[in-house]
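Topology and contacts: notes
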Amino acid sequence: MSPLNSNGPSQSSQSNHQQSSFKKGTLLRVLGVGFGLAVTIGGTIGMGILRTPGEVATQLPTPTLYLGVWILGGLYALLGTVSVAELGAMIPRSGGWYVFVHRAMGNYPGFIVGWSDWLSTCGTLAVIAMVVGEYSAVLIPRLAGRDKSIALVVVLLFAALQWRGIRWGSFTQNLTSLLKTLIFVVIAIAAFVFAGKSVAGTTLAAPQGFALVGALIIALQGVLYTYDGWYGVIYFGEEVRNPKRDVVRSMFGGVLLVIAIYFVVNLAYVYVLPMSRLAGENFAAGAVAKEIFGVYGDKTIRVLAILSLLSTINAYTLTSPRILYAMSCDELFARRAARVNKGGTPTVALLISTVVALLFIFRSFEQVLAALAFFFVANYAMAYISVIVLRWREPELPRPYRAWGYPWTTGIVLLGSIAFLIGAVISDRVNHKRDSLFALAFLAASVPVYLVVHLMSSRRRAA
């Protein structure tokens, strides 16, 4: 059988045998619903809600269209949760999208999803750390020009924290996510209480016809990217105390909280800023803070943004090693990366992930990140296909939660994901960008990498 078509260890008994053979120590089942909510909020709410609103308002410059697309993005995430929660409760392994796709489709599709997910997580971690460095340099002039140095220190500090174990990581996530939620609630309350209402009659003309469809697609791209992270708890399935129940509760509770926070915050943006000013604003939260706090607004929002982004950094530092860990358990990466210390941390996978994140900081990888961003909706689509495949291939597998409205709900989000990807390709052509083509090139380049991994795995089994 061709190595690209080999199914590999798709059955849970075989996977469990590999995990017990390849790793030293085990992941700890110590996480509950609180952590699931915290990692969803921490991994989702980040730079997007600070920067994306101005881009969305440029495309849809009326309050109704602007708020409507945020609601539409939230409904997409909620419908996605309806399907993915079935997979999370049914296959309680840590590792995220990779675990589901590998189970349903085999080695190569699983490898592609895991590899792209891991690299994009490491890259995004680096980008967020650099934003923290940038904001810190603005707040403290003596740090000017040391953005990357600050980012390096932040990444290393959080890696050291995670090295101690999942209990430390989960406590930090719970604390920082609670702080993040309070920060955005305070911003929204302050906007409605202290700021004056936006000036009437300053909305821009909305696009019509096909122009409206194109604007909606572009705006939705930004909104969905901002919602990315609603599935955070699926990376920790082996570590949740009662995954059959708590994964589902965490996913639905987390996505509903994110939808509510995003809607209230965007309502505050529209309340404070006229659409003509919000459109094109590259730091909407800062503009709102300036209206609320005056000359102290910029510094205030940058301090709050740094505190908020630290929660996201912690979530990504927790997430990235678990993707590599799961792939290693299934012999799709070096088996040493499946080693776990007594605190429940995959230390080798954490070390490799940290090194890759540091490399992203040292070098400029904007085009690579743009290409990998194309994969996040593709990974959604692969997961929805996995729901369908596993319903057909393994109907007897216990499903503690079954997707409500299946197959219609799963079909709707699958078609939505495909339409999004097609729209992204068309948008690239119209705007003379090459992100989607670069993503396809990355996909083609992964074939030799996979073949090398497969060959090494075959030699280990033969030995």
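Before reading further, recall that the structure is shown in the block above.
For every chain, the first residue of the written sequence is number 1, and numbering continues from 1 onward in sequence order. Under the rules for a predicted model, residues below a pLDDT of 70 receive no local features and side-chain atom pairs below 80 are neither given nor counted, while totals for whole chains, interfaces and linings still include all residues. In computing side-chain values, all of the structure's heavy atoms are included and hydrogens and water are not.

**Some details on the overall build of the protein chain**
- Working definition: helices are DSSP H or I runs of at least four residues, strands are E runs of at least two. Numbering for both runs from the N terminus. Along the protein chain, the regular secondary structure elements total 17 helices and 0 strands.
- For the protein chain, the accessible surface area stands at approximately 19,600 Å², while carbon and sulfur atoms represent 67% of it. Throughout, the Shrake-Rupley method with a 1.4 Å probe supplies accessible areas, and for residues the shown protein chains are the sole cover considered.

**Some points on empty space enclosed by the protein**
- Only protein atoms enter the 1 Å grid used here, on which a cavity is any set of points holding a 1.4 Å probe that cannot leave and a pocket is any open set flanked by protein within 12 Å on both sides along at least five of seven lines; residues with an atom within 4 Å of a point are listed as lining. Grid points are joined across faces, edges and corners, and a volume is the space filled by probe spheres set on the points. Per the stated rule, a full pass over the model turns up 1 cavity of 30 Å³ or more.
- Elements with a minimum of two residues in the lining of the largest cavity: α8 (166-194) and α13 (297-329).
- Among the elements that line the lining of the largest cavity, the one with the most residues is α13, at 4 residues.
- Residue classes in the lining of the largest cavity are distributed as 7 nonpolar, 1 polar and no charged. Here the nonpolar group is Ala, Val, Leu, Ile, Met, Phe, Trp, Tyr, Cys and Pro; Asp, Glu, Lys and Arg are the charged ones; every other residue, Gly included, is treated as polar.

**Topic: the nonpolar core**
- The biggest cluster of nonpolar side chains holds 142 residues, and the ones touching the most others in it are Y66, W97 and W230.
- With 15 residues, helix α6 (residues 107-139) is the single largest residue contributor to this core.
- In what follows, residue pairs with any heavy atoms lying within 4.5 Å of each other are defined as contacts. Apart from the residues within four sequence positions on either side, Y66 is in contact with P53, V56, A57, L60, N266, Y269, V270, M275 and L278.
- In this text, buried Ala, Val, Leu, Ile, Met, Phe, Trp, Tyr and Cys residues form a nonpolar core when linked through side-chain atoms within 4.5 Å. We call a residue buried when its accessible area falls under 20% of the maximum for its residue type, exposed when it is over 50%, and partly exposed in between, using a 1.4 Å probe and counting protein chains only. By size, the runner-up hydrophobic cluster in this structure holds 5 residues, among which are Y325, C329, A338 and V340.

**Some remarks on the pattern of salt bridges**
- For this document, the term salt bridge refers to a Lys or Arg side-chain nitrogen within 4 Å of an Asp or Glu carboxyl oxygen. The final tally for this structure, using the stated rule, is 8 salt bridges.
- Between R93 and D330 there is a salt bridge, with its nearest N and O atoms 3.2 Å apart. Of this pair, R93 sits in the loop between α4 (63-90) and α5 (97-105) while D330 sits in the loop between α13 and α14 (347-362); the two residues are 237 residues apart in sequence, bridging distant segments of the chain. For the pair shown, R93 and D330 are each scored as buried.
- The shortest N-O distance in the salt bridge between R103 and E394 comes to 2.9 Å. With R103 in helix α5 and E394 in the loop between α15 (366-393) and α16 (408-430), this residue pair connects regions lying 291 residues apart in the sequence.
- Classification of E394 as buried rests on a relative accessible area of 4%.
- Three or more residues are tied together by salt bridges with common partners; here these are E86, R391 and R399.

**As for the side chain of N379**
- Residue position: N379 is located in helix α15.
- In contact with N379, not counting residues within four places along its chain, are W97, V113, S116 and D117.

**Looking at α13**
- By this rule the span expected of a helix is its residue count minus one, scaled by 1.5 Å. The end-to-end C-alpha distance of α13 is 49 Å, a good match for the 48 Å that 33 residues give at a rise of 1.5 Å each.
- Burial analysis of α13 places 26 of its 33 residues in the buried class, the great majority of the element.
- Within two residues after α13, E331 carries a phi angle of roughly 65 degrees, on the positive side.

**With respect to the packing of aromatic side chains**
- Any pair of Phe, Tyr and Trp rings, taking the six-membered ring for Trp, is counted once the centres come within 6.5 Å. Such a pair is stacked with planes under 30 degrees apart, edge-to-face with planes over 60 apart, and tilted for the rest. Summed over the entire model, instances satisfying the criterion amount to 25 aromatic pairs.
- Ring geometry for W115 and F333: centres 6.4 Å apart, planes at 40 degrees, overall tilted. In this pair, W115 is assigned in helix α6 and F333 in the loop between α13 and α14, connecting sequence segments 218 residues apart. For the residue pair W115 and F333, the accessibility class agrees, reading buried in each case.
- A centroid spacing of 6.5 Å and a plane angle of 50 degrees characterise the contact between W118 and F333, whose relative ring orientation is tilted. Linking W118 in helix α6 with F333 in the loop between α13 and α14, this pair joins segments that are 215 residues apart in sequence. F333 shares its class with W118; the two are buried.
- In this scheme, the term charge over a ring applies when either NZ of a lysine or CZ of an arginine sits within 6 Å of the ring centre and within 35 degrees of the ring normal. Above the face of the Y135 ring, R302 is positioned so that its terminal group lies 4.8 Å from the ring centre.
- The ring of Y406 is capped by R391, whose NZ or CZ atom sits 4.0 Å from the centre of that ring.

**Side note on a nonpolar patch on the surface**
- Surface patches are defined over residues having more than 30% relative accessible area and no salt bridge, joining like charges when they lie within 9 Å and nonpolar side chains (Val, Leu, Ile, Met, Phe, Trp, Tyr) when within 5 Å. There is a patch of nonpolar side chains on the surface, built from I71, L75, V185, I189, F192, V193, F194, F263, V264 and L267 and spanning about 860 Å² of accessible area.
- Of all the secondary structure elements, the ones that give two or more residues to the nonpolar patch are α4, α8 and α10 (243-272).
- With 5 residues, the top contributor of residues to the nonpolar patch is α8.

**Focus: the side chain of S417**
- You can see S417 is positioned in helix α16.
- With relative accessibility at 0%, the residue S417 sits in the buried group.
- One polar contact links the side chain of S417 to the main-chain carbonyl oxygen of V413, over a distance of 2.8 Å.
- Ignoring sequence-local partners within four residues, the contact set of S417 consists of Y76, V377, Y380, A381 and Y384. Pairs of N or O atoms within 3.5 Å make up the polar contacts considered here, provided that, within protein, one atom can donate a hydrogen while the other can accept it, and that residues adjacent in sequence are counted only when both atoms are side-chain atoms.

The quantities given are spatial measurements derived from coordinates; they are silent on function.
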